[in-house]
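Here are the chains, one letter per residue:
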Amino acid sequence: QALYAPLLHWALANSRKVVIAALALLAATAGVYTLIGKTFMPTMDEGDILLQVVKLPSISLEQTVQADLSVQRAILDQVPEVKNIVGRAGADELGLDPMGLNDTDTFLVLKPQEQWRKPDKEWLAGQIRQVMEQFPGLEINFTQPIEMRVSEMLTGVRGDVAVKVFGADNAVLDRLALQVEQVLKKVPGSQDVYTVKNEGVQYLQIDIDRLAAGRFGLNVDDIQNDLRALVEGRVLGVVLESGRRTPLLLRGADSLRDSAVIFSDLRLTAPSGESVPLSAVASIRRADGPVKVEHENATRMSVTQSNVHGRDLVGFVEEAKQAVAKSVQLPAGYRMEWGGEFENQQRAAARLAVVVPIALGLIFLLLFATFRSVRQALLVLTNIPFAMIGGVFALWISREYLSVPASVGFIALLGIAVLNGVVMVTYFNQLLEQGMGLAQVVVEGAKRRLRPVLMTASIAAFGLVPLLFASGPGSEIQRPLAIVVIGGLVTSTLLTLVLLPILFRRYGVARPQEVLK
């Protein structure tokens, strides 16, 4: 009270200066807000690292295993912070994760940080990158087990940013994806940029000569079905043994799929009973083809992925979009979409843009039902923009990004600010009903409500202090929320105690001349 009473009297005597200073702070907050980066969620340290290793698409299973073992031995030998390594190449048993044999998820189990040479995960990732430089031709991507699964479920791709190019021709899609990759590598903040290689698999292509087949009385469809049975197999029936059902499959030897010469020596039986070599009615040649044909919404696509390091996600994407638009010309019928974590951020921002105005509207209705006065309801709502001042400056000073947890902190902060305003205005109205003059009401009411307002703010602030200094798992998610709420409560409480009495004295009660009008 000894500190607050002189401050309150000075503010009421210099109301114009106080209002101008508050508006100047609000304008400065709008400027600082533009300097704050935006992202979806802060990166949570899961304690382990998942290293994705991508090799040439034409690699065999044996070569994949050999390359993965070489990488894993090098990491274990040169990076003592890695305790164990578990690698998985290709798709899983259930087929829920469609990966080729050239794609390996390498799970790095790390030792406790107390045993690290330097307790910094970014530094550790740099050490692993130095090891991977010894293996040219391998593309790598760093992520974490849970983060990887969540990204795949929500956006279908891994990485912070995924540039999807849609079109009809696979060759054109691959060319455009490589151009995007070259552009993204030049954008500051890009890391682990790569495009999934989709060419280089060897296929045996069979071109059947219809005229030659017709001379022998052979049908093209029959030839294709017979050849498909030799390569893929044909189910002839089911064998029942002790309640177990085993399909009976007829298929050619494995050597047929490995040699064009052996395949061309296959014999076909003509309707006349004559045995005809396959080479007499078809030509067989090796041809390069795609590993897979990816689709999304019934349209072919190619994907370029990138992680973002050292800057905010939205700022990186905006700069990357401009760079790609200048350097990559899309042919007619082709389009580009930006996804990954950026897609989640855009979706969350769009949803908050709808939810927050609805919440403010509902708060206004509740305030109007409480005070039976539009002007007093609006007066309490003026606390909301002034509560944003401390939260925005706290984010800027702490160099945190505006993320979903920070947005939740702003929503919680607005509720506390409105609550403090309701406490003050309700007591002002009680004093007015007792017949006290307006000038005395704002002074006495503010002094008497000092303790409740401070208690409301301090309970919320002190309750979040552990989150502010937390360092355990999940602290990256909690810290932005605590920073916003604690920083916002400082300015919100100060302006509630100083600015609200000034505004109530001027606008809180309808004056006689206003009633006549």
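Conventions adopted
- All chains use their own residue numbering, which begins from 1 and follows the written sequence.
- Per-residue local features are limited, in this predicted model, to residues with pLDDT of at least 70; the limit for side-chain atom pairs, both in listing and counting, is 80 or more; totals at the level of whole chains, interfaces and linings are taken over all residues.
- Excluded from the side-chain calculation are hydrogens and water; included are all heavy atoms of the structure.
- Only when DSSP finds a minimum of two bridges between them are two strands counted as paired.
- Helix and strand definitions here come from DSSP, where helices need a minimum of 4 consecutive H or I residues and strands a minimum of 2 consecutive E residues; each element is numbered from the N-terminal end.
- The angle between two axes is taken between their N-to-C directions and runs from 0 to 180 degrees, where each axis is a line fitted to C-alpha atoms and a helix contributes only its stretch in contact.
- Residues count as neighbours in contact if any of their non-hydrogen atoms are within 4.5 Å of one another.
- Accessible area is worked out with a 1.4 Å probe on protein chains only. A residue is then buried under 20% of its type maximum, exposed over 50%, and partly exposed in between.
- Throughout this description, the term salt bridge denotes a Lys or Arg side-chain nitrogen within 4 Å of a carboxyl oxygen of Asp or Glu.
- Here, expected helix span is obtained from the residue count minus one, scaled by 1.5 Å.
- What the arc measures is the spread of directions leading from the helix axis to the C-beta atoms.
- Each angle is binned into one of four classes, with values under 35 degrees roughly parallel, values over 145 roughly antiparallel, values of 65 to 115 roughly perpendicular, and all other values oblique.
- Working definition of a nonpolar core: buried Ala, Val, Leu, Ile, Met, Phe, Trp, Tyr and Cys residues. They are joined through side-chain atoms within 4.5 Å.
- For each structure, a 1 Å grid was placed over the protein atoms alone; sets of points admitting a 1.4 Å probe that cannot get out are labelled cavities, open sets with protein on both sides within 12 Å along at least five of seven lines are labelled pockets, and lining residues have an atom within 4 Å of a point.
- Grid points are joined across faces, edges and corners, and a volume is the space filled by probe spheres set on the points.
- Nonpolar residues are Ala, Val, Leu, Ile, Met, Phe, Trp, Tyr, Cys and Pro. Charged residues are Asp, Glu, Lys and Arg, and all others, Gly as well, are polar.

(A) Representation of the sheet that holds strand 1 (residues 49-54) in the model. With antiparallel pairing, the four strands of this open sheet are ordered in space as 2-3-1-4. With partners counted over all chains shown, the strands left at the sheet margins are strand 2 (82-89) and strand 4 (139-143), one partner each. Taken pair by pair, the neighbouring strands of this sheet meet at an average axis angle of 20°, ignoring direction. Here helix 4 (residues 121-132) sits on the sheet in contact with strand 1, strand 3 (103-110) and strand 4, set at roughly 25° to strand 1.

(B) Spotlight on unusual backbone geometry. One non-glycine residue, Asn 297, lies in positive phi territory at about 55°. With respect to the helices, strands and loops of the structure, Asn 297 is situated in the loop between strand 13 (295-296) and strand 14 (299-308). Judged by relative accessible area, which is 67%, Asn 297 ranks as exposed. The backbone of Arg 372 shows a phi angle near 55°, a positive value even though the residue is not glycine. Here Arg 372 is to be found in the loop between helix 11 (341-371) and helix 12 (374-381).

(C) Fine view of the environment of Leu 378. Following the sequence through the fold, Leu 378 ends up in helix 12. For Leu 378, a relative accessible area of 44% translates into the label partly exposed.

(D) Region of the structure containing the environment of Arg 449. As for its position among the elements, Arg 449 is in the loop between helix 15 (438-448) and helix 16 (450-468). C-alpha of Arg 449 to C-alpha of Val 422: the two residues are 27 residues apart in sequence and 11 Å apart in space. Not counting the four nearest positions on each side in its chain, Arg 449 is found in contact with Val 423, Met 424 and Tyr 427.

(E) The pattern of salt bridges, seen in detail. In the structure shown here, the tally under the stated rule is 10 salt bridges. A salt bridge links Asp 105 to Arg 88, with the shortest nitrogen-to-oxygen separation between them at 3.2 Å. Here Arg 88 lies in strand 2 and Asp 105 lies in strand 3, a separation of 17 residues in the sequence. Look at Arg 88 and you get partly exposed, because its relative accessible area is 22%.

(F) Focus on helix 2 (residues 15-33). For helix 2, spanning 19 residues, the distance from its first C-alpha to its last is 27 Å, which sits close to the expected 27 Å at 1.5 Å a residue. Taken together, the buried positions of helix 2 are occupied by Val 18, Ala 22, Thr 29 and Val 32. Projected onto a plane normal to the axis of helix 2, the buried residues spread over an arc of 80° and lie on a single side. Seen from the buried face of helix 2, the exposed residues on the opposite side, beyond 90 degrees, are Arg 16, Lys 17, Ile 20 and Ala 27.

(G) Layout of the packing of helix 12 against helix 13 (residues 383-398). The geometry of helix 12 relative to helix 13 is characterised by a closest axis approach of 5 Å and an angle of 5° between their N-to-C directions. The angle between helix 12 and helix 13 places the two elements in the roughly parallel class. Facing Leu 379, Val 380 and Leu 381 of helix 12, the residues of helix 13 in contact are Asn 383, Ile 384 and Pro 385.

(H) The arrangement of the pairing of strand 4 in detail. The element strand 4 is extensively covered by neighbouring structure, given that four of its five residues are classed as buried. In this sheet, strand 4 lies alongside strand 1 in antiparallel orientation, the contact comprising five bridges. By the bridge assignment, Leu 50 is partnered in strand 4 with Thr 143.

(I) Region of the structure containing the nonpolar core. Counting residues in each nonpolar core, the largest one holds 37 residues, and the members touching the most others are Leu 367, Met 424 and Leu 499. Broken down by element, the residue count for this core peaks at eight residues, all from helix 17 (residues 475-508). Listed in part, the 22 residues of the second largest apolar core include Val 32, Ala 387, Leu 402 and Ala 461.

(J) Layout of the layout of surface pockets. Estimated volume of the largest pocket: approximately 1,400 Å³. Lining the largest pocket we find 42 residues, and of these Pro 42, Thr 43, Met 44, Glu 122 and Gln 144 sit closest to its centre. If you list the elements that add at least two residues to the lining of the largest pocket, you get helix 4, strand 4, helix 5 (145-155), strand 14 and helix 17. Ranked by residue count, the leading element in the lining of the largest pocket is helix 5, at five residues. Its residues assigned to classes, the lining of the largest pocket comprises 15 nonpolar, 12 polar and 15 charged.

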